[in-house]
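# Remarks on the overall topology
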Amino acid sequence: MSGLSLRLTEIRSFLLPVSQFLVWPIFFFLTSAISQQPAYFLALLLVLATDVIDKSPGRRGLFRDMVAGGSTTLLALFLNDLDGAAFGAIVAIAATTRLVQKLS
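Rules and cut-offs
- Residues numbered from 1 in each chain as written.
- Predicted model: local features only at pLDDT ≥ 70, side-chain atom pairs only at ≥ 80, totals over all residues.
- Heavy atoms only, no water.
- Helix = DSSP H or I, 4+ residues; strand = E, 2+ residues; numbered from the N terminus.
- Contact = heavy atoms within 4.5 Å.
- Areas by Shrake-Rupley, 256 points an atom, 1.4 Å probe, with all protein chains shown as cover.
- Expected span 1.5 Å × (residues − 1).
- Buried < 20%, exposed > 50% of the residue type's maximum accessible area, 1.4 Å probe, protein only.
- Core = buried A, V, L, I, M, F, W, Y, C linked by side-chain atoms within 4.5 Å.
- pLDDT = per-residue confidence, 0-100.
- Patch = residues over 30% accessible without salt bridge, like charges linked within 9 Å, V, L, I, M, F, W, Y side chains within 5 Å.
- Salt bridge = Lys/Arg side-chain N within 4 Å of Asp/Glu carboxyl O.

### Concerning the overall build of the protein
Looking only at helices and strands, the protein features 4 helices and 0 strands. Along its sequence from the N terminus, the protein presents helices and strands in the succession α-α-α-α. Taking the intrachain contacts of the protein between residues at least 6 apart in sequence as the baseline, contacts between residues at least 24 apart amount to 60%. Here the protein has roughly 6800 Å² of accessible surface; of this, 73% comes from carbon and sulfur atoms.

### Notes on the side chain of Asp65
With respect to the helices, strands and loops of the structure, Asp65 is situated in helix H3 (residues 60-78). Discounting chain neighbours no more than four positions away, the residues touching Asp65 are Val47, Leu48, Asp51, Val91 and Ala95.

### A few points about H3
Helix length check: H3, at 19 residues, gives a terminal C-alpha distance of 27 Å against a target of 27 Å (1.5 Å per residue), a fit within 8%. The set of residues buried in H3 consists of Gly61, Leu62, Arg64, Asp65, Ala68, Gly69, Ser71, Thr72, Thr73, Leu75 and Ala76. Just beyond H3, the residue with positive phi is Asn80, at close to 60 degrees.

### With respect to unusual backbone geometry
Within the chain, Asn80 stands out as a residue other than glycine whose phi angle is a positive 60 degrees. Here Asn80 lies in the loop between H3 and helix H4 (82-103).

### As for the environment of Ala92
Tracing the chain through its elements places Ala92 in helix H4. Given the relative accessible area of 14%, Ala92 is considered buried. Each C-alpha atom of the pair Ala92 and Asp65 lies 6.6 Å from the other, and the pair is 27 residues apart in sequence.

### Structural notes on the nonpolar core
Trp24, Phe28, Tyr40, Phe41, Leu44, Leu48, Ala68, Leu75, Ala76, Ala85, Val91 and Ala95 together form the largest nonpolar core, which totals 12 residues. At the level of secondary structure, the elements contributing two or more residues to this core comprise helix H1 (2-33), helix H2 (37-53), H3 and H4. Of all the elements, H2 adds the most residues to this core, at 4 residues. Filtering out sequence-adjacent residues up to four positions away, Ala68 remains in contact with Trp24, Tyr40 and Leu44.

### Looking at the confidence of the model for the protein
Model confidence for the protein is summarised by a mean pLDDT of 77, while 80% of its residues fall at 70 or above. Confidence scores differ between elements of the protein, with H1 showing the lowest mean pLDDT of 70 and H4 the highest of 87.

### Topic: a nonpolar patch on the surface
There is a patch of nonpolar side chains on the surface, built from Leu22, Ile26 and Leu30 and spanning about 310 Å² of accessible area. When you line up the elements, Leu30 lands in helix H1. Look at Leu30 and you get exposed, because its relative accessible area is 52%.

Okay, structure coming up:
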């Protein structure tokens with residue numbers, strides 16, 4: 001039984017980050033389609049704030065924020081949405097800066 005729970009833990013530790021990376025672009029497209037982008041921007045900024053304030057040595061959240069900000073910027077530029085590009089760039093730059101600070 002412990003072998004099964006160990007295997008499930010390994011699968012969960014792999015699937016959780018992958019699902020988080022996939023959710024941000026989907027969430028962006030959904031909120032764009034229903035004209036509710038402020039909800040997306042608020043969620044993006046709240047997650048970034050949580051990861052910036054986090055004092056743990058882990059950096060997975062900041063990397064996720066950096067990727068989410070970068071993908072938001074690219075998707076917003078593709079959709080010709082300057083507000084989305086600005087928010088995405090701010091999040092990507094803030095996450096990258098904090099990630100570099102944690103690495104040094």
